[in-house]
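# Architecture at a glance
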Amino acid sequence: MATLLASGAVAALAAPAMAQEVADPGAEEAPDNRIVVTGIRSSLQSALNEERNADSLVEVIQAEDIGKLPDQNLAEVLENIPGIQITRTAGVGTGVQIRGTNDNRTEINGVSTVGAGAGRGGINFEDVNAAIIASVEVIKAPEARTIEGSVGGTINLRTIRPLDLVDRVATVRVQGEYSELSESVTPRFAASFGDNWDTGIGEIGIVLSGSYTEQEATSFRPRVDRDGGLVENVNAQVIRNGSLENQATRRPAAQSFDFLGIQFLNQELENFEFETINFAGTVEWAPSDNLRIFFDAFVNEQERRQDSSRVQGSGVSAVLNVNVPTGFETVDFGSLDGVQLGSIQAAVTGVIEPVLSVDPDDPNLRFSSDTGARITDSQLFRLGGEWEIGLVTVFVEAATSRSDTVNPELSTTLNFINPNTPLVGTLNDNAVPFAYDLSGGSLTFGIAESSPFAPSVAQLLDPANVVLQAVNVGNDQRENTEDSLRLDFSYDTFDLTGFLTSFDAGLRYNTRRSAFQEFSSNLNLTRISDSPRGTAFSELLVPGPRNFDAADGRALAFRDFLLIDPNRSFNDQAGTIAILNQALAGVPGMRSIAEPTASNTGFFDIEEETVAFYTQANFEFGPVRGNLGLRYIGTSVASTGNAVSGTTVTQVTSTGNYDEWLPRLNLTAEVTEDIVLRASYTEDINRPDFNQLSTSVVFGTSAQAAIPIGNPNLQPETVQSFDASVDWYFAPSALFSVGVFHKERTNLFVAQLEEAPRDGNGFGDITPPCEGGGIFNPVANRNVSSNIPGTGICVDIQTTINDSATTTQTGIEVAFQYDLSSFEESLGFASGFGVIANYTYQEFGGGEAENLSAQRGTDVFNAINGIYNDANFVPVSAVQGLLDFSPHAYNVTLFYEKYGISARARYTWRDAFRTLDTAGGASLNSTFGFPVVSEARGQLNASINYDVTPFLNIGVEGVNLTRSNIRQFCVNDGALLCFEGLPDRRVTFGASLSF
């Protein structure tokens, strides 16, 4: 399949383009003498033309045919535009960064959308099938009439306008997608119909587009923690809390140097199953030449089901000091803010044997099944009209967007009771040996089969050897809405002034609401007497996935383990809980799994009201055109949430308001027939996400995970942007462009960690109100974080603050587009080739808000410098900067179009970037206190289509053909490897039929 895809000299996506409508030398004349240009070149020419004629900096990607954008996924479509990078979940594009920031807006036909979460960016890209979108517009330099709320740019998804149709549209598209790691084939269907008619009451047009999509995406996410695994050398004078530790009893005698040992192992398999229904419809009516009335509807229903498994090697730190690795590597942590952190040895290979005399029940083995879903219903409705009255044009629009989401969840954890080691005491776990091999840049680990304590495959799959440890049930609910009314006027003044072409003014009023309510029920079992054996619920148990080697062929992995059947958990939650409750009734603890109830802490309801008005003058004199305008916004906020202090919960309502004046200037100069210069100065604001404002708390069951808490005192971020570019249209449908940009941002949002202290044994405070720091989590399983079993412990807090200093982003974007179609006579078949390429460089500067090293990181950095007395410890600090920000990025697309063949191959590469997106629920505490770094990565996508007849097209498309993996490092790029991501390779095949 890969050979087939690559053979056509395929190409990567339609990038920003703007072209004049020129004749394709290979095109044919239509009966009415119009030159018809179709396919890739047509979409590039049309997009290039639109960009060239725009009065501000915009980038456009147009579908080469109805329902045929260059990629199946909208995020991956946008990746073709200069200055845009994307992030992926299980290999599927989900996040978009424009010029290094996630703080962007998404609209549909110019109307604000709302997403399924607490963010402000708009609808999730995986919720919209690219097959129903006609074109994508990215506004990088807004005009005064552009709705505020974006730092990098505004993404406008445009559907077909029926009165713009020249011919009737009727298409059907049928496809199947093969996911390699999932070993599944899922269907995709899309259809569109559009036409317009002259009637006795004017011209009427209608467009209807719909799609049904299923998709399965799998990713393997191994995690190894060595951050809390510091083992000081036997000669170190280690002083904890003022007391000298007895190194002779705590350290291996042969170990004469400091090193990082293994502290935690986590083998995670992420599996997402998407089922999406989209409908977009538009009706337009023009009763006269000067009046147009329209109604748009967009409806989305999506179920994103998660069916993931985790195998955890926990309690490893309990025997950390008596298991010497067999191999080491030197880890250079590099520098942070100019401070050299130094190097230390770290474990690479070894066996973690149980040492029963030190700890009879560690390390232990756990199997988790995480089953949940995001079920979202979204609607967007837009009603309006445009009326020309002499020199005045009036535009009026009323719109509503809403998104209702529920998150059903049933997650379970089983403890493995190793029959080869004794079950000592009252706890419901015992010791299991592990082996690890982190050499070659891969995190591989599994059962140490050479150990005398090693369980056999039969023992691992025996229900009698597992006990129920935890059950989490949830049904969280979220509602997001935005209602708006917009009125715009444009007065044509060209005949009056000769250079002022028009004067625009407008008013927009909108209300936005975000409400969240957690529904949860948690059961944590720590005593063996309370924990039913798997034999009591064996009908629910199934072997877990054993294909963890499918992505990279690794030999060492957890392959044999039991899970509570995730399919049954999802499809029959009540029945699954009933069987578990029956098993619980058979043990003395008298515990049961309750129905999820509304949490008194996990709740917020935030309402926001905004009034905006603008004035804008549009001008043109000689080769220069542009616009100058001013936008005013006034916003008031009322936020109701729950404040938590110790065990006391108080409902609090806070109010606030702010206003901003946003000047915006855009200039365009066509200095020659082929060269266009652009420059702009714009200001905008970025409001905090709703969860960043809420003080409400959602507790999890992990004693190691930080609890996110909002900050109601956050101020909106403001941004000033400067742009300049030169575009050279050196041939038909060709472009060479160089642009520079500079942004100055104030009140940047920065994540901060407040630690809950741990003592020298790693134990935390188990009584509220956590005077030493953090917050008391009543449902957290203490596990190895306390020597007293049970639930409830002080855990870390992660919150957000405003950076007090100005930050800057400066960059350059280069774009190139060219094809050989004008050389058909001399090149023949080779004239079908073309290339699209772009490159972005950007750098970040300024800022004062810092991340401080977490306690475990401080221990390591001080030990490197020979400091072992915690009274003298000095934490390391570094300005956080922008997350998901890559200094360098490029993509190159080769395409071929001729003789009915349309083929592309695109290679996309982005530089390393810092992120909070980690594997296995890791928090800032477990990554030394700093966001991790995803290393530089490239990916190859390709497609090839063939026109069997003028009405039938068949094709195949491949994503991540080279199966490029992800590696993430703690502290700095290339320092300590902490996480991996091994995403899917997917192939889509199918046919399109036009009528």
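Residues numbered from 1 in each chain as written. Predicted model: local features only at pLDDT ≥ 70, side-chain atom pairs only at ≥ 80, totals over all residues. Heavy atoms only, no water.

What follows deals with the overall build of the chain. On a plain count of helices and strands, the chain comes out with 11 helices and 54 strands. On C-alpha atoms alone, the chain measures out to a radius of gyration of 30 Å, which is about the 30 Å that the 2.2 N^0.38 rule sets for 995 residues. A principal-axis box enclosing the C-alpha atoms of the chain has dimensions of 90 × 60 × 55 Å. Residues counted as buried form 58% of the 995 residues belonging to the chain. Taken as a whole, the chain presents about 36700 Å² of accessible surface, with 55% of it coming from carbon and sulfur. Across the chain, 61 positive and 124 negative side-chain charges occur, with their mean positions spaced 3 Å apart. (Helix = DSSP H or I, 4+ residues; strand = E, 2+ residues; numbered from the N terminus. Rg over C-alpha atoms; globule rule 2.2 N^0.38 Å. Buried < 20%, exposed > 50% of the residue type's maximum accessible area, 1.4 Å probe, protein only. Areas by Shrake-Rupley, 256 points an atom, 1.4 Å probe, with all protein chains shown as cover. Lys, Arg positive; Asp, Glu negative; His and termini not counted. Charge placed at Lys NZ, Arg CZ, Asp CG, Glu CD.)

Here we take up the pattern of salt bridges. Pairing is possible between side chains that carry opposite charge, provided their charged atoms lie close to one another. What the rule picks out here adds up to 57 salt bridges. In this structure, E180 and R963 form a salt bridge, with 2.8 Å as the shortest nitrogen-oxygen distance. Taken as a pair, E180 in the loop between β10 (169–179) and β11 (184–199) and R963 in the loop between β51 (952–959) and β52 (966–970) lie far apart in primary sequence, 783 residues in all. For E180, a relative accessible area of 21% gives the class partly exposed. Among the salt bridges present, the one from D560 reaches R546, with a minimum N-O distance of 3.1 Å. Taken together, the residues span a long stretch of sequence, with D560 in the loop between β29 (541–543) and β30 (562–564) and R546 in the loop between β29 and β30 at a distance of 14 residues. With relative accessibility at 17%, the residue D560 sits in the buried group. Relative accessible area serves as the criterion here: at 47%, R546 is assigned to the partly exposed category. Connected via shared salt-bridge partners are E76, E79, R88, E177, R188, R906 and R986. (Salt bridge = Lys/Arg side-chain N within 4 Å of Asp/Glu carboxyl O.)

Let us now look at the sheet that holds strand β7 (residues 111–112). With respect to topology, 5 strands assemble into an open sheet ordered β3-β8-β9-β6-β7, the strand pairing being mixed. The sheet is open, and its two edges are formed by β3 (58–62) and β7, each paired on a single side. (Pairing = 2+ DSSP bridges.)

On to the packing of aromatic side chains. On inspection of all chains with the given rule, the structure shows 27 aromatic pairs. Look at F333 and F861: their rings are 5.4 Å apart centre to centre, the planes differ by 90°, and that puts the pair in the edge-to-face class. Here F861 lies in helix α11 (residues 855–864) and F333 lies in the loop between β19 (327–332) and β20 (335–336), a separation of 528 residues in the sequence. Taken as a pair, F333 and F861 share a single burial class, namely buried. (Phe/Tyr/Trp six-rings, centres within 6.5 Å; stacked < 30°, edge-to-face > 60°.)

A cluster of nonpolar side chains, V396, L485, L487, F489, L507, Y509, V611, F613, L630 and W661, forms an exposed patch at the surface whose accessible area comes to about 840 Å². Looking at the nonpolar patch, the elements with two or more residues in it are β27 (466–492), β28 (500–524) and β31 (597–621). With 3 residues, β27 is the largest single contributor of residues to the nonpolar patch. Examined against the element boundaries, F613 turns out to sit in strand β31. On the basis of relative accessibility, which here comes to 35%, the residue F613 falls in the partly exposed class. (Patch = residues over 30% accessible without salt bridge, like charges linked within 9 Å, V, L, I, M, F, W, Y side chains within 5 Å.)

This brings us to α11. Counting buried positions along α11 gives 8 out of 10 residues, so the element sits mostly inside the fold. For α11, the set of buried residues is R856, G857, T858, D859, V860, F861, N862 and A863. Taken together, the buried residues of α11 touch β13 (230–231), β14 (239–240), β16 (259–260) and β22 (343–352). Within two residues after α11, G866 carries a phi angle of roughly 75°, on the positive side. (Contact = heavy atoms within 4.5 Å.)

Counting buried positions over the 7 residues of strand β39 (residues 775–781) gives 5, a clear majority of the element. Here 4 bridges tie β39 to strand β40 (residues 791–795), and the two strands are oriented antiparallel to one another. Bridged to N777 within β40 is I793.

Moving on: the sheet that holds strand β35 (residues 707–708). A sheet is described by the order of its strands in space; here 3 strands give the open sequence β35-β41-β38, paired in mixed fashion. A single partner strand is all that each edge strand has here, and the edge strands are β35 and β38 (749–754). Looking at chain direction, β35 and strand β41 (residues 797–802) are connected through 2 bridges and run parallel. Counterpart to I707 in the pairing with β41 is I797.

The next subject is the side chain of R906. Tracing the chain through its elements places R906 in strand β47 (residues 901–910). In terms of polar contacts, R906 uses its side chain to reach the side chain of E79, at 3.3 Å. (Polar contact = N/O pair within 3.5 Å; in protein donor to acceptor, adjacent residues only side chain to side chain.)

Here the focus is the nonpolar core. Ranked by internal contacts, the top residues of the largest apolar core, which has 45 residues, are I262, L365, F367, F434, L468 and F537. Tallying contributions element by element places helix α8 (residues 573–584) first for this core, with 5 residues. Those residues in contact with L365 that lie beyond four places of it in its chain are V311, Q312, L414, N415, F416, V432, F434, I447, L460 and F558. (Core = buried A, V, L, I, M, F, W, Y, C linked by side-chain atoms within 4.5 Å.)

Once that is clear, we can look at the side chain of D195. As for its position among the elements, D195 is in strand β11. Buried and unpaired, D195 has R168 as its nearest opposite-charge partner, separated by 4.7 Å. Residues in contact with D195, not counting those within four places in the same chain, are P162, L165, R168, I204, G205 and I206.

Now for the state of the cysteines. Evaluated as defined, the whole model comprises 2 disulfides. The partner cysteine of C770 in its disulfide is C794, sulfur to sulfur 2.0 Å. Handedness of the C770-C794 disulfide follows from its S-S torsion of about -95°: it is left-handed. Placement of the pair is C770 in the loop between β38 and β39 and C794 in strand β40, with a sequence separation of 24 residues. Accessibility expressed as a relative area gives 2% for C794, which makes it buried. Across the chain, the way the bonded cysteines pair up, counted in sequence order, is 1-2, 3-4. (Disulfide = S-S within 2.5 Å.)

In this section: the environment of P455. Relative to the helices and strands, P455 is located in the loop between β26 (444–447) and α5 (457–460). You can call P455 buried: its relative accessible area is 8%. Other than its neighbours up to four places away in sequence, P455 contacts F416, N418, N420, V432, P433, I447 and L460.

The end-to-end C-alpha distance of helix α2 (residues 39–53) is 22 Å, a good match for the 21 Å that 15 residues give at a rise of 1.5 Å each. If you check which residues of α2 are buried, you get G39, I40, R41, S43, L44, Q45, A47, L48, E51 and R52. (Expected span 1.5 Å × (residues − 1).)

Moving on, we get to unusual backbone geometry. In this chain, D362 is followed by P363 through a cis amide linkage whose omega measures -5°. Position of P363 among the secondary structure elements: in the loop between β22 and β23 (364–389). Of note, the amide linkage connecting P768 to P769 takes the cis form, showing an omega dihedral of 15°. In this fold, P769 is placed in the loop between β38 and β39. A positive phi angle, near 75°, is found at V971, a position not held by glycine. Looking at the element boundaries, V971 is found in the loop between β52 and β53 (976–983).

So, on to the confidence of the model for the chain. For the chain, the average pLDDT comes to 90, and 95% of its residues sit at 70 or higher. Of all the helices and strands in the chain, helix α1 (residues 2–6) carries the lowest mean pLDDT, 37, while α5 carries the highest, 98. This stretch, residues 1–37, has a pLDDT under 50; its non-local contacts, to residues over four places away or in other chains, come to 121 contacts. (pLDDT = per-residue confidence, 0-100.)

Position of T276 among the secondary structure elements: in strand β17 (residues 264–288). A polar contact of 3.1 Å, which involves the side chain of T276, links it to the side chain of Q302.

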